[in-house]
Amino acid sequence: MKTCLWVLLFALPLAAQHGRYESESTNPAIGDPVAIAAGSELYLRSCAGCHGPDGSGGRGPNLVQRPMWHPLSDEAIFTTVRNGLPGADMPPTNLSDDETWQLVAFIHALIGPAAENPTAGDVTAGEAVFWGSTAGCSNCHAIHGKGGKIGPDLTNIGGLRPLAVIKKAIVKPSDELYYLGNESVTAKLRNGETVRGIAKNRDIYSIQIIDRAGKLHLLAMNDIAELEILQRSPMPGDYAERLTAQELENLLAFLAHQTLRPAGPEAK
Amino acid sequence: MRFIFLALALSSALSAQVAYEDILKGPGSNWLTYAGSYNGWRHTPNTQITPENAGSLVPKWVYRVPNARGLQTSPLAHDGVLYVTNTNSVYALDARSGRLIWSYVDSRAERQSPNRGAAILGDKVYFITSDNYLTALDRSTGAVIFSKQYARLEDGVSSSSAPLAVKDKIIVGSSGGDSGVRGFLAALDAETGEEVWRTYTIPAHGEPGSETWGDLIDWGGGATWLSGTFDPQLNTLYWTTGNAWPDFNGKVRPGDNLYTSSLLALDVDTGKFTWHFQFTPHDTHDWDAQSWPMLVDLDWKGSPRKLVLHANRNGFFYVLDRVTGEFLSGTQLTDNVTWASGIDAKGRPILIEGKEPTLEGNWVCPSVKGATNWMGQTFHPGTGLIYILTLEQCGWFNLSEQEPVPMKNFPGGGATEEGGQVILRAIDPTTGKRAWEYPMTGYGRMWTGTVSTASGVIITGDDAGQLAAIDAKSGSHLWNLNLG
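Quick caveat, the model's predicted, so the values are computed rather than measured. (Residues numbered from 1 in each chain as written. Chains lettered and ligands numbered in written order. Predicted model: local features only at pLDDT ≥ 70, side-chain atom pairs only at ≥ 80, totals over all residues.)

1. Examining the overall build of chain A
Then step 1. Helices and strands together make up the secondary structure of chain A, namely ten helices and seven strands.
Then step 2. When each of the 268 residues of chain A is scored for burial, the buried share is 34%.
Then step 3. Across chain A, every contact between residues at least 6 apart in sequence was considered, and the portion connecting residues at least 24 apart equals 65%. (Helix = DSSP H or I, 4+ residues; strand = E, 2+ residues; numbered from the N terminus. Buried ≥ 20, exposed ≤ 12 C-beta atoms within 10 Å, placed from the backbone. Contact = placed C-beta atoms within 7 Å.)

If you want it as structure tokens, here you go:
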């Protein structure tokens, strides 16, 4: 029984990563651009004050990264919007069924991949930010094979992550465990060599490092005399200051557009 | 072997990009194509594992491939890294430790099919998604260089083959032959994924071969779902094609149904046919020709000849001249063959009456799984033998007269695939005679290939769930490891 419980505890978050919903709703508002746009208006008027304009939370919980095992179904969001949460600050609403489904459609899109949502920024201006020296994103990150090799690949970032998650990874990279699998390490080997780079993986027996030139160093820990690990993300932590609000918005728009597959309701 | 990979020996690191010339050299410390080499031998010149020391093999690590349900991949090895594929995913592993370096999962792919492996060229690893995207990944980081669609699910095409890197092209095959599709083989530019050529395995209306079809020619099948071999001197690709559709109902497609269940020889630069050879004209038993065309140069009746060897699902072992496609010999591969009494001088099966699928069911050998299948046999240049997993199994073949509707998963009937016995056989390709046999216990469910070493060891799976090492000369058991 104990084993079963552990299996469940590990399995659930994994399962949660695969789909946003246990059962996708068949309500026609879901995925309908007109309904999403109407829902956006309703959200900004009634919800953004507590949950944040991008759903990243504030007085109310973060809708995009919720500390729950299960993703909420569209029906559960509908019920919560309609009835509120008794005992909490979340009030009931008196929206019509159609309006409530518009809101659900917007939230459904908001917590889905960024590519499926409208973004406020200018994509072309954001592209210049990405490749420019002020932000220096491409020193470490690549898109379609251009750029650095030590940061996570961003070719499909808009197709994978919600906008709020991308934003947080930029402005607060060390806040969450984004650096696991992306640790900055310096390994001094017993043969006198030093290897600097990112640990793609490691355990107490071996380590797999990629250096800035993109060369892999597959090492046994027995061959390492000293291993230094940076205790924060190697991603600079000052982007909230380094970039203007407009530059950040533009960069986010550019990243949201990075997707391998067609995005949006018209995509199959 | 279904869920895990075991590293049995350490791999040493080399360096630099993978050049076409590196693939031409064949295996050494690397393994750069599905079959190890363009000739399809699955043979390594390495000599560390010998009949004398094989008994002391011990597992070094286990990597559990996420979500694996019966892997069909053959890992590539380069520069100390193994590249393993699963459905819509690639995993790069540290060969010495088994630790994951990077993984790539295309979570938005719209189909979930098996995946048979990757290709490597330059600094890129290539694989294809089930919904027909050739995806090129940086071999060090897994970063996406491009992901290019080359066919549409809406046309009945899905993909499962291991792409083959030749010169500056990536050759990709197609699946979908059991539900109606027009099979094709395509060459895509290795740098961009742009199409260089596409050759259909089913002729268009009015083209030569179209007279071998009825009205279903547009959906005839002939999928190219495995991978192929390549002769650099002849500049020729050798690629097999799958069954005609509907699989079990031949009445609705009168004729030979070219070019299904065939071996195609194509110019790698243009995709044009050099020759074709059809093993099973008008196939009604779902005997795809997907087994490896192995390219060997041997003395044939006193003179040296460029040959292609092919062990077919239909129960016969074929030798062809690979320059001309001339049929040279067809011998029985398995003991139980009841649909044909032999192969005639031109290479056509000599049919036995009454072996077609029927409404009430017809008992035919081999079964639908075939006398062998896609997993890959090995040719050992030292012994001159091929080593091949064969299946002695018969089965019921049923016919459905329901009207065939393409892309509705309708095969025109059905077949059973239980029981029988898997036997590893060493076969002399010049005579078709068996040098030895290694019978196994099990349920006839195994889909494992073979690999040989220059030092005389055959590594294979066992139908009882074991990994085994066998002496190439004698067929004696050397070692086994229960993988469950």
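2. What about the overall build of chain B?
Then step 1. Looking only at helices and strands, chain B features one helix and 38 strands.
Then step 2. Taken over the C-alpha trace, chain B has a radius of gyration of 21 Å; the compact-globule value for 484 residues is 23 Å, and the two agree within 12%.
Then step 3. Dimensions of chain B, computed from the C-alpha atoms along their principal axes, are close to 55 × 50 × 45 Å.
Then step 4. For chain B, with 484 residues in total, the buried portion stands at 56%.
Then step 5. Intrachain contacts of chain B at a sequence separation of at least 6 include 58% that bridge at least 24 residues. (Rg over C-alpha atoms; globule rule 2.2 N^0.38 Å.)

3. Details of unusual backbone geometry
All names here are of chain B.
Then step 1. Between Trp 245 and Pro 246 the backbone carries a cis peptide bond, its omega angle lying at -5°.
Then step 2. Note on placement: Pro 246 falls in the loop between β19 (236-240) and β20 (262-267).
Then step 3. For Lys 167, which is not glycine, the phi torsion reads 55° and is therefore positive.
Then step 4. Along the chain, the position of Lys 167 falls in the loop between β12 (164-166) and β13 (169-172).
Then step 5. Residue class for Lys 167 comes out partly exposed when judged on the 15 C-beta atoms lying within 10 Å of it.

4. Quick notes on the environment of A:Asn222
Then step 1. Inspection of the secondary structure assignment puts A:Asn222 in the loop between β6 (216-220) and β7 (224-229).
Then step 2. The spacing of A:Asn222 and A:Ile204 is 18 residues in sequence and 9.2 Å in space, taken between C-alpha atoms.

5. Side note on helix α2 (residues 33-46) of chain A
The α-helix advances 3.6 residues per turn, and as a result positions three or four apart in sequence lie on the same side.
Then step 1. Between the first and last C-alpha of α2(A) there are 20 Å, a value that for 14 residues agrees with the 20 Å anticipated at 1.5 Å per step.
Then step 2. Next to the buried residues of α2(A) lie α3 (48-51) and α5 (97-110) of chain A. (Expected span 1.5 Å × (residues − 1).)

6. A few points about the pairing of strand β23 (residues 303-311) of chain B
Look at any regular strand and the pattern is simple: side chains alternate between the two faces of the sheet.
Residue and element names in this part refer to chain B.
Then step 1. In this sheet, β23 lies alongside strand β22 (residues 294-300) in antiparallel orientation, the contact comprising seven bridges. Paired with Met 294 across the strands is Leu 309, a residue of β23.
Then step 2. Counting the residues between successive antiparallel strands, the hairpin from β22 to β23 contains two residues, one of them, Lys 301, with a positive phi of roughly 50°.
Then step 3. Note that β23 and strand β24 (residues 316-321) share five bridges and pair antiparallel. Following the sheet pairing, Leu 309 is matched in β24 by Val 319. (Pairing = 2+ DSSP bridges.)

7. Observations concerning the nonpolar core
Then step 1. Within the largest apolar cluster, 174 residues are counted, with the highest numbers of intra-cluster contacts made by B:Tyr83, B:Ala118, B:Ile120 and B:Ala165.
Then step 2. In terms of residue count, α5(A) provides more of this core than any other element does, eight residues in total.
Then step 3. Grouped together as the second largest cluster of nonpolar side chains are eight residues, B:Phe248, B:Val368, B:Leu399 and B:Ala415 included. (Core = buried A, V, L, I, M, F, W, Y, C linked by C-beta atoms within 7 Å.)

8. Some words on the confidence of the model for chain B
Residue and element names in this part refer to chain B.
Then step 1. Across chain B, the average pLDDT comes to 94, with 97% of residues at 70 or higher.
Then step 2. Of the regions scoring below 50 in pLDDT, residues 8-14 engages in 18 contacts with residues more than four places distant in sequence or in other chains.
Then step 3. Under the prediction, the complex receives an ipTM of 0.88, its pTM being 0.89. (pLDDT = per-residue confidence, 0-100.)

9. Let's talk about the sheet that holds strand β29 (residues 378-380) of chain B
Residues and elements named next belong to chain B.
Then step 1. Taken together, four strands build an open sheet; the order of strands is β29-β30-β33-β34 and the sheet is antiparallel. Each of the sheet's edge strands pairs with one partner strand only, and the pair in question is β29 and β34 (434-439). Neighbour-to-neighbour, the strand axes of the sheet open up by a mean angle of 25°, direction not taken into account.
Then step 2. By the bridge criterion, seven bridges tie strand β30 (residues 385-392) to strand β33 (residues 421-427) in an arrangement that is antiparallel. By the bridge assignment for β33, Leu 391 is matched with Val 422. (Axes fitted to C-alpha atoms, helices over the stretch in contact; angles between N-to-C directions.)

10. Some words on the domain arrangement of chain A
Then step 1. Taken domain by domain, chain A consists of domain 1 (2-111), domain 2 (123-176 + 236-256) and domain 3 (183-229).
Then step 2. Looking at the side of domain 1 of chain A that touches domain 2 of chain A residue by residue, the classes come out as three nonpolar, three polar and one charged. (Domains from an automatic or database assignment. Nonpolar A, V, L, I, M, F, W, Y, C, P; charged D, E, K, R; others polar.)

11. A look at the pairing of strand β9 (residues 124-128) of chain B
All names here are of chain B.
Then step 1. The buried fraction of β9 amounts to five of the five residues, a majority that puts the element mostly inside the structure.
Then step 2. Side chains Lys 124, Tyr 126 and Ile 128 of β9 all project onto a buried face; the interleaved residues Val 125 and Phe 127 project onto the opposite face, where all are buried too.
Then step 3. Taken together, the three bridges between strand β8 (residues 119-121) and β9 define a ladder with antiparallel strand orientation. Along β9, the bridge assignment pairs Ala 119 with Tyr 126.

12. Looking at the packing of α2(A) against α5(A)
Residue and element names in this part refer to chain A.
Then step 1. Contact geometry of α2 with α5 gives a least axis separation of 7 Å together with a crossing angle of 95°. Classified by the angle between their axes, α2 and α5 sit roughly perpendicular to one another. The segment α2 lies against α5, with Ala 35, Ile 36, Ala 38, Gly 39, Ser 40, Leu 42 and Tyr 43 engaging Glu 99, Trp 101, Gln 102, Leu 103, Ala 105, Phe 106 and Ala 109.
Then step 2. Residue composition of the contact of α2 with α5, by class: ten nonpolar, three polar and one charged. (Parallel < 35°, antiparallel > 145°, perpendicular 65-115°, else oblique.)

13. Focus: the interface of chain B and chain A
Then step 1. Across the contact, 21 residues belong to chain B and 21 residues belong to chain A.
Then step 2. Contributions of two or more residues to the side of chain B that touches chain A are made by β7 (100-105) and β11 (144-149) of chain B.
Then step 3. Among the elements that line the side of chain B that touches chain A, the one with the most residues is β11(B), at four residues.
Then step 4. When its residues are assigned to classes, the side of chain B that touches chain A shows nine nonpolar, six polar and six charged.

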